[in-house]
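Coordinate analysis (summary)
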Amino acid sequence: MKITLKVWRQKDSADKGRFETYTLNNVSEHMSFLEMFDVLNEELIQKKEVPVAFEHDCREGICGACSMVINGRPHGPMQGTTTCQLHMRHFNDGDTIVVEPFRARAFPVLRDLVVDRSAFDRIIQSGGFISVNTGQAQDANAIPVNRDAAEASFSAAACIGCGACVAACPNASAMLFVSAKTAHLNLLPQGQIEAKRRVQAMVKQMDGEGFGNCSNVTACEAECPKEISVKNIAKLNRDYAGSVMGSEVEV
Amino acid sequence: MGWLKNFLTSSIGKKLVMSLTGLFLILFLVVHLIGNLQLLQFMAHDSAGEIGRAFNEYALKMTTFLPIKVVSYGLYAFILIHAVQGWMLWRQNAAARGPVRYAVSDLRAVNTNARVATRMGWLGTIIFIFIILHMYQFWLQMKMGNLPMANYGDGDVKDLYTIVAEAYTNPLYVILYVVSMFFIGVHLWHGFQSAFQTLGLNHNKYTPLIHKLGKGYSILVPLGFAIIPVVMYLQSLNA
């Protein structure tokens, strides 16, 4: 396959950045999108040019390291797929593909397609600890859990924290991420002990990082590679208001 | 009290204010429509020689009955809060994208219209301008203007009906009102269901109902308002 790439190149966070056009003549349809970038970078290195910086780690769709906005969609055109699991067979011979970094004030570009997503780490840290007994693992059924709650919690816990929700949201809001992280604990009996404090602390950190406000556009759910539902955002709204107005907890 | 300020200035608190004021305005529109339908003669059944009586007596009630007056001041406040808060959110959200925009945009949504949902600020601004024009044209006339008087037996009543009927002999006003109602309908297409999601109401049983109700509301209520100037204009042609 012949693929023309328009890739965002930016030397560092101070650089203005621009698009560069590259043409790859021998792209295999079995390659993943990242493998195509590996091939591009090998060619650039052979030509003594600077390779394109992009993030990747597991390449199995579970680590959340890969990013990229491909033709206007975070993680590209396939539903419920990360960039590393996106294969070139979903594109056509001769296609021109525009590749940009995630764009959000809270995710500043470090270089080329790499953005600083440490705002998410700080939100997770603000959630604090959860109380569990150490030592021997307890019997699996010692705490009864409603099956539907367990399923909903597991669906929320599928969030890999990649930031596609922020990249997709026209407001660059982090509500889907934060709601997935609070819901996966708040839906379970084990998560109740710190639930009230956690939800207030994480929302406060989220607001402080400069993400936008949710206006229920639902682009986040449409682009989430783990298909996290906006039902979690409604739950976060509920849990947050309930904690602020219905408890004595102040963060 | 610091907690209350923190709550109302948090991202979720600000959206909650939008949701609650929006839901109040949604309720208000229904009441407003029921009153306005009395402008239509086939609804009002005014007897011959007393055309406009039902509407004029309703308008008098609206401006003199104390509980309604109290609620109306709440209404003005809620319109302003919804508008000002909306503009602030619009500005903050635009800034949150950062200095560089996407070169290619392909926006999708799962259960709303993405084109509408991302243009709520523009739609709201158009609607706000319409509300100012509308209030200047009728509300201010009723409150302070020099209106013709009508008498139905027990004292003079301000004849707002005649003012409205005269306005709608002008096709430009008719177009302004019909187009504005279209924008209100589009705004509500996203706003109605969005208000419930912000309240935290997303439920397997109720959400499908809310979505259907919202779509029905955002078509029928603006349509009901839009019919009035059109019918009154057509009547003026026959007269």
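Residues numbered from 1 in each chain as written. Chains lettered and ligands numbered in written order. Predicted model: local features only at pLDDT ≥ 70, side-chain atom pairs only at ≥ 80, totals over all residues.

Brief notes about the overall build of chain B
Check the secondary structure of chain B and you find ten helices and two strands. Listing every helix and strand of chain B by position from the N terminus yields α-α-α-α-α-α-α-β-β-α-α-α. Each of the 239 residues in chain B was classed as buried or not, and the buried ones make up 28%. (Helix = DSSP H or I, 4+ residues; strand = E, 2+ residues; numbered from the N terminus. Buried ≥ 20, exposed ≤ 12 C-beta atoms within 10 Å, placed from the backbone.)

Regarding the overall build of chain A
Summing up its helical and strand segments, chain A has eight helices and seven strands in all. By its C-alpha atoms, chain A is 60 × 40 × 35 Å across when sized along the principal axes. Looking at chain A residue by residue over its 251 residues, the buried ones come to 46%. Restricting to contacts in chain A with at least 6 residues of sequence separation, those with at least 24 account for 71%. (Contact = placed C-beta atoms within 7 Å.)

Focus on the interface of chain B and chain A
On the side of chain A, 38 residues touch chain B, which itself brings 39 residues to the contact. Sorting the residues of the side of chain B that touches chain A by element identifies α1 (2–9), α2 (11–36), α5 (66–96), α6 (114–117) and α9 (171–198) of chain B as the ones contributing at least two each. When grouped by side-chain class, the residues that make up the side of chain B that touches chain A number 19 nonpolar, 14 polar and six charged. (Nonpolar A, V, L, I, M, F, W, Y, C, P; charged D, E, K, R; others polar.)

Observations concerning the environment of D148 of chain A
Positionally, D148 of chain A belongs in helix α3 (residues 147–157). A C-alpha to C-alpha distance of 22 Å links D148 of chain A and V132 of chain A, two positions 16 residues apart in sequence.

A word on the nonpolar core
Among the nonpolar cores identified, the biggest contains 102 residues, and C165, V166, L176, F177 and V178 of chain A are the most heavily contacted of them. A total of ten residues in this core trace back to one element, the largest contributor, which is α9 of chain B. Mapping this core onto the domain boundaries places at least three of its residues in each of domain 1 (3–105) and domain 2 (117–246) of chain A. Contacts of V178 of chain A, omitting those with residues within four sequence positions, involve I123, M202, V203, M206 and L236 of chain A. (Core = buried A, V, L, I, M, F, W, Y, C linked by C-beta atoms within 7 Å. Domains from an automatic or database assignment.)

Here we look at the packing of helix α5 (residues 175–186) of chain A against helix α6 (residues 195–208) of chain A
All names here are of chain A. The interhelical angle for the contact between α5 and α6, taken along N-to-C directions, is 175 degrees, at an axis separation of 11 Å. As judged from the angle between their axes, α5 and α6 are roughly antiparallel. Packed against α5, whose contacting residues are V178, K181, T182, L185 and N186, the element α6 presents A195, R198, V199, M202, V203 and M206 at the interface. Its residues assigned to classes, the contact of α5 with α6 shows seven nonpolar, two polar and two charged. (Axes fitted to C-alpha atoms, helices over the stretch in contact; angles between N-to-C directions. Parallel < 35°, antiparallel > 145°, perpendicular 65-115°, else oblique.)

Digging into the domain arrangement of chain A
The domains assigned to chain A are domain 1 (3–105) and domain 2 (117–246). For domain 1 of chain A versus domain 2 of chain A, the distance between C-alpha centres works out to 29 Å.

Section: α5 of chain A
All names here are of chain A. Given a rise of 1.5 Å per residue, twelve residues ought to cover 16 Å, and the 15 Å separating the end C-alpha atoms of α5 matches this to within 8%. The buried fraction of α5 amounts to twelve of the twelve residues, a majority that puts the element mostly inside the structure. Inspection of α5 places M175, L176, F177, V178, S179, A180, K181, T182, A183, H184, L185 and N186 among the buried residues, and these make up the whole buried set. Where the residues of α5 are buried, they touch α2 (118–127), α3, α4 (164–168), α6, α7 (219–223) and α8 (231–246). (Expected span 1.5 Å × (residues − 1).)

Regarding the sheet that holds strand β1 (residues 3–9) of chain A
Residue and element names in this part refer to chain A. Taking strand neighbours across the sheet as the criterion, the five strands line up as β2-β1-β5-β3-β4 in an open arrangement whose pairing is mixed. In this open sheet, the two strands that pair with only one neighbour each are β2 (18–24) and β4 (73–74). Two strands pair when backbone bridges link them, and strand β3 (residues 69–70) and strand β5 (residues 96–100) are joined in this way by two bridges, in the antiparallel orientation. Directly across from I70, in β5, lies its bridge partner V99. In the packing of helix α1 (residues 33–46) onto the sheet, contacts are made with β1, β2 and β3, and the angle to β2 comes to roughly 90 degrees. (Pairing = 2+ DSSP bridges.)

Side note on the environment of N113 of chain B
Residues and elements named next belong to chain B. Assignment of secondary structure puts N113 in the loop between α5 and α6. The class for N113 is partly exposed, based on 13 C-beta atoms found within 10 Å. The spatial distance from the C-alpha of N113 to the C-alpha of L209 is 17 Å, given a sequence separation of 96 residues. Excluding anything up to four places from it in sequence, N113 contacts W189 and H190.

Notes on the packing of α2 of chain B against helix α10 (residues 207–238) of chain B
Residue and element names in this part refer to chain B. As a packed pair, α2 and α10 sit with axes 10 Å apart at the nearest point and diverge in direction by 30 degrees. Between α2 and α10, the interaxial angle falls into the category roughly parallel. Handedness of the α2/α10 crossing: left-handed. In this structure, α2 contributes L29, V30, L33 and N36 to the contact, and α10 contributes V221, G224, F225 and I228. (Left-handed = near helix turned anticlockwise from the far one by under 90°.)

Some points on the pairing of β5 of chain A
Bridge analysis of β1 of chain A against β5 of chain A gives four bridges, and the strand direction is parallel. Opposite V7 of chain A, over in β5 of chain A, you have V99 of chain A as the bridge partner.

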